[in-house]
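Inside the fold
Here are the chains, one letter per residue:
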Amino acid sequence: MADDRRSRTIALKVKRQDGPGQPGYWHEFAVPWHPRMNVISALMEIQKNPVTTSGQKVTPVVWECVCLEEVCGSCTMRINGRVRQSCSALVDAIGRGDAPIVLEPMSKFPVVRDLVVDRSRMFEDLKRVKAWINLDGSHELGPGPRQSPESQEQTYPLSRCMTCGCCLEACPQVSASSDFIGPAALSQVRLFNLHPSGKMHASERLEAVMGEGGVEGCGKAQNCVEVCPKEIPLVDSIASVGRAATKHMLLGWLLK
Amino acid sequence: MAATKSLIRSESGRVRRVVVVGGGLAGLMTVIKLCEAGVPVDLFSLVPVKRSHSVCAQGGINASVNTKGEGDSPQVHLEETVYGGDFLANQPPVKAMCDAAPSIVFMLDRMGVPFNRTPEGLLDFRRFGGTLFHRTAFAGATTGQQLLYALDEQVRRWETVDVEDDRGERVPGERMVRKLEWWEMIGLVTDDDGTCRGIVAQDLKTMSIVAFPGDAVCLATGGCGIVFGRSTNSIINTGTANSAAYQHGACYANGEFIQVHPTAIPGADKLRLISESVRGEGGRVWVPRDPREQRAGREVPESGRDYFLEEKYPGYGNLVPRDIASRELFKKCFHEKRGVYNRESQHNENEVYLDVTHLPRELLHKKLAGVLEIYEKFVGEDPYVNPMRVFPAVHYTMGGLWVDFDRAANGSLVMGSPRNQATSIPGLYACGEADYQYHGANRLGANSLLSCLWAGMVTGPAIASYRKNMARSAWDVPSSLFEKAEKREQKKFEAILGLSGDENPYNLHDELAQTMLVDCTIERHNPTLDKVLAKIEEIDERSRRIGVTDSTTGKMNQGAQHVRHLRNMVILARVIALGARNRDESRGAHFKPEFQQRDDASWLRTTMAFHQAGASGAHDGVRFARSVDYSLLGQRVEVKDDVDTTLVRPRPRKYETAGAASAAAKG
């Protein structure tokens, strides 16, 4: 049985797009299977020898990848319709019999080429919500504030967000016709507002997500937690930021 | 020295920027220090900086804060680092780094890194290789990622800060940091005096090639593990920028020192790291005593297990330095054929067990979840229940661009000296894994995050002071210099696009990687190294007959980019293999069975390599030198290849004995 598997090939159907704003089209490929094979290994085979199953020599499929161990977030794409990292997508686990594995670029970001998309908006959103500590400087200022192990256990998972874009891709409220900021940046607001020094500037971050395109835009579909590869409690984050924003708005209004 | 009138604006009124290439920890730290010194920066990165290879560092960062009352100190850290590095590191930079380590970790703490905590709310520290102390601060088992994110956040903040001119007025439209992500540095711009004036870079989305002036250039572009193909490195770690600088005349030092990490998951696309912190928290390495053991790892009783590292090295046990652990694992599997037996294939695999199943689940979850999750996701087995199966993998580049240092009277560094981290090309600096400075012949675990940050902290002020004292800004150099460099690189790229030979560049890379991996890593024999060198020449030859897989223009083209990377890797491979061939001794990660002793009389020196371009049709060569001669701000500097060992006197390494690594540390 082992030998059968070794001579087996894996079929892939890849959505191609030559450049930004160009029409999409499909190519099918077959590559040799090997144990523990992931989607990236399959793409690497195509890259070496870009010939379709119908024998047509084509340009190699372009995709983005860096760490190959699901900590950098680069290789995110839609695999069989579900958004995820392609490095941790093991072929044996996602295969559906003889049906090809379908690869598409994420749909909520502009395509650069083939499976590569431009996620700059996510990094711009991190600027908008001021996702940083207002450090006085990198010179010697002694240790940071003491924190309990419990608070570390709460913030560490939030801090593992790779800005991969899965949550935006899956969110029905994020679309070309909406300016909803999406779960990732909102969760960062929560992260920094929990930190003893970050907290000192909590209102600036809350104000950044109040109003148009802010936390109110969440439709509570909860798709984000379903697809987050790091299992970040995004729904909790949005709820917590939402409550804080409401409180800030009421108090801010009372104080005016 | 005639300093220019304004430090912010050039004579033609443009904002004078410095170029930093690489957005990992070292590059970002350099950027922060430059911004704090009021220097505007253009930051180039192959990938969005948040995706840099620093994210892969797992276990932690060393700092002798001594919160466990063990008597640890920066002095012990220095001693253990240079001992671990088999005395090949210049000691003043190491001393400065170890002295600064506690304040670096405190800075990270202030930046919001979610370090693990003690019950009292202090930073927690764990054990790592080559020491008996708890010296490693950590954020779960994704410390590199957490550190990179903290710096990324600070640099993002600087992206929103306006440049102020000398009178303190905002310069409209100019921010302190301008990020050029998805831009690859492909060449340097040097003037007639050989001073670096900027870079030529390629926009990877459109493949357009543009020259950028920079008052100074800093390469923080990491190591070159991909020369060896599959490794623990990210796919982008080809060393291509370092290779370009080397080909432009920069000295490359200690190329032959490549670290092989003892514990990684074997895989077809990558050898995923299983952090040393797993052993730091109590993980044990073993193989079955019976080489034909049929039972699964978890079913083998204690009496049937050979904890070979603990037996041979009772002092440091599973936490002997990586060079030693890797050799022992290799010996066990490759020479003794005692690796884990595979019932299906009926032979002993090149795998040993790394076992954490005896440790409390809660401890594993709090301190190691990030790495155990990688094992579970990619192998499909639960490491909380089944001992993991691992094997050594190429991991870290100790060698790199040669960089200078300015020694202070107290044995540390003169901070702010423009000599610190300066390469042999004036105006070109290097830091992080891209430089060769801090780890000698073998890096200790959890010293890489530290050396990246420290080197960045040194490079920022060094460049600021270089820039203050330079006679003429790069932004006032005639534009023809940049146009010429731009044309040179455009021509090279067009040549790649026109390649229509029959050699597949990916197969050539596989062949290069295979020969380097098999014959130029853990054990090196001179006759096989000769074969490696012949193979490199063959690949070099064949690489001229490549057929480019993608010749489209005007859009992202990874096929053509790979050809450039391949050629640059071939050139670095030659430096690595020739350095190994020449060095007839064993030191740290460089081990020759025919020359098992360290030979301080002949080889306690830095390997200094310079590129020699072959005449038309001939192979490129390497010129090894005994000194580096360069000129900085009008002054000639000559640095010999002697290693500065003035702080800790070299002695043979004996990890069999507890506390051997530091005279002050008895454990």
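Numbers given for residues are sequential positions, taken from 1 along each chain in its written order. Labels are handed out in written order, letters beginning with A for the chains and numbers beginning with 1 for the ligands. Local features in this predicted model are restricted to residues of pLDDT 70 or higher, and side-chain atom pairs are both shown and tallied only at a pLDDT of 80 or more, whereas totals for entire chains, interfaces and linings draw on every residue.

1. Describing helix 11 (residues 479-497) of chain B
Residue and element names in this part refer to chain B. The end-to-end C-alpha distance of helix 11, which contains 19 residues, comes to 27 Å, matching closely the 27 Å that a straight helix rising 1.5 Å per residue would cover. Here helix 11 has its buried residues at Phe482, Ala485, Glu486, Glu489 and Phe493. All buried residues of helix 11 lie within an arc of 100° about the axis, which places them on one face of the element. For helix 11, the exposed residues set more than 90 degrees away from the buried face come down to Ser480, Glu483, Lys484, Lys491, Glu494 and Ala495. Those residues of helix 11 that are buried are in contact with strand 9 (183-190), strand 10 (196-203), strand 11 (209-213) and helix 14 (558-582). Secondary structure counts use DSSP, requiring at least four H or I residues in a row for a helix and at least two E residues in a row for a strand, with both numbered from the N terminus. A helix is expected to reach a length of 1.5 Å times the quantity of its residues less one. The exposure label follows from counting other C-beta atoms within 10 Å of a residue's C-beta, where the C-beta atoms are placed from the backbone and the thresholds are 20 or more for buried and 12 or fewer for exposed, leaving partly exposed in between. Directions from the helix axis toward the C-beta atoms define the arc. Placing C-beta atoms from the backbone, we regard two residues as in contact once those atoms come within 7 Å.

2. Overview of the sheet that holds strand 3 (residues 61-62) of chain B
All names here are of chain B. In this description, strands pair whenever DSSP reports at least two bridges between them. Read across the sheet, 3 strands follow the order 3-5-4 without closing on themselves; strand pairing throughout is antiparallel. Of all the strands in the sheet, just strand 3 and strand 4 (125-127) have a single pairing partner and so form its edges. Sheet analysis places strand 4 next to strand 5 (residues 134-137), joined by 3 bridges and oriented antiparallel. Within strand 5, the position partnered with arginine 127 by the bridge is histidine 134.

3. Notes on the domain arrangement of chain B
Residues and elements named next belong to chain B. By convention here, the domain bounds are inherited from an automatic or database domain assignment. Domain assignment breaks chain B into domain 1 (261-393) and domain 2 (487-612). Centre-to-centre separation of domain 1 and domain 2, based on C-alpha positions: 31 Å. Counting residues at the interface gives 5 residues for domain 1, matched by 4 residues for domain 2. Examining the composition of the side of domain 1 that touches domain 2, we find that 4 residues originate from one element, helix 8 (residues 322-335), more than from any other. For the side of domain 1 that touches domain 2, the per-class residue count stands at 2 nonpolar, 1 polar and 2 charged. Each residue gets one of three labels, nonpolar for Ala, Val, Leu, Ile, Met, Phe, Trp, Tyr, Cys and Pro, charged for Asp, Glu, Lys and Arg, and polar for the others, Gly among them.

4. As for the interface of chain B and chain A
Counting residues at the interface gives 58 residues for chain B and 57 residues for chain A. Secondary structure elements with two or more residues in the side of chain B that touches chain A: helix 1 (25-36), helix 3 (91-111), helix 4 (143-159), helix 9 (361-379), helix 12 (505-519) and helix 14 of chain B. Considered class by class, the residues forming the side of chain B that touches chain A number 20 nonpolar, 19 polar and 19 charged.

5. Section: the nonpolar core
All names here are of chain B. In these notes, a nonpolar core means any group of buried Ala, Val, Leu, Ile, Met, Phe, Trp, Tyr and Cys residues linked to one another through C-beta atoms within 7 Å. Counting 277 residues, the largest nonpolar core has Val21, Val31, Val217 and Cys218 as the members making the most contacts within it. No other element matches helix 14, which puts 13 residues into this core. Excluding anything up to four places from it in sequence, valine 217 contacts Val19, Val21, Leu188, Cys196, Gly198, Ile199, Gly427, Leu428 and Tyr429.

6. Re the pairing of strand 11 of chain B
Residue and element names in this part refer to chain B. Counting buried positions along strand 11 gives 4 out of 5 residues, so the element sits mostly inside the fold. Examined bridge by bridge, strand 10 and strand 11 share 5 bridges and lie antiparallel to one another. Pairing of glycine 198 across the sheet is with proline 213, part of strand 11.

7. Considerations on unusual backbone geometry
Residue and element names in this part refer to chain A. Positioned with a positive phi, arginine 36 is a non-glycine residue whose angle comes to about 60°. Tracing the backbone shows arginine 36 in the loop between strand 2 (24-32) and helix 2 (39-48). Residue classification places arginine 36 among the partly exposed residues on the basis of 16 C-beta atoms within 10 Å.

8. Re the packing of helix 12 of chain B against helix 14 of chain B
Residues and elements named next belong to chain B. Note on geometry: axes are lines fitted to C-alpha atoms, helical ones only across the stretch in contact, with angles between N-to-C directions running from 0 to 180 degrees. Relative to each other, helix 12 and helix 14 sit at 25°, their axes nearing to 10 Å. With respect to each other, helix 12 and helix 14 are oriented roughly parallel. Taken as a pair, helix 12 and helix 14 cross one another with a handedness that is left-handed. Contact residues: Pro505, Leu508, His509, Leu512 and Met516 in helix 12; His562, Val563, Leu566, Met569, Val570 and Ala573 in helix 14. Comment on the angle field: the value is read as roughly parallel under 35 degrees, roughly antiparallel over 145, roughly perpendicular from 65 to 115, and oblique elsewhere. A clockwise turn of the near helix away from the far one marks a right-handed crossing, whereas an anticlockwise turn of less than a right angle marks a left-handed crossing.

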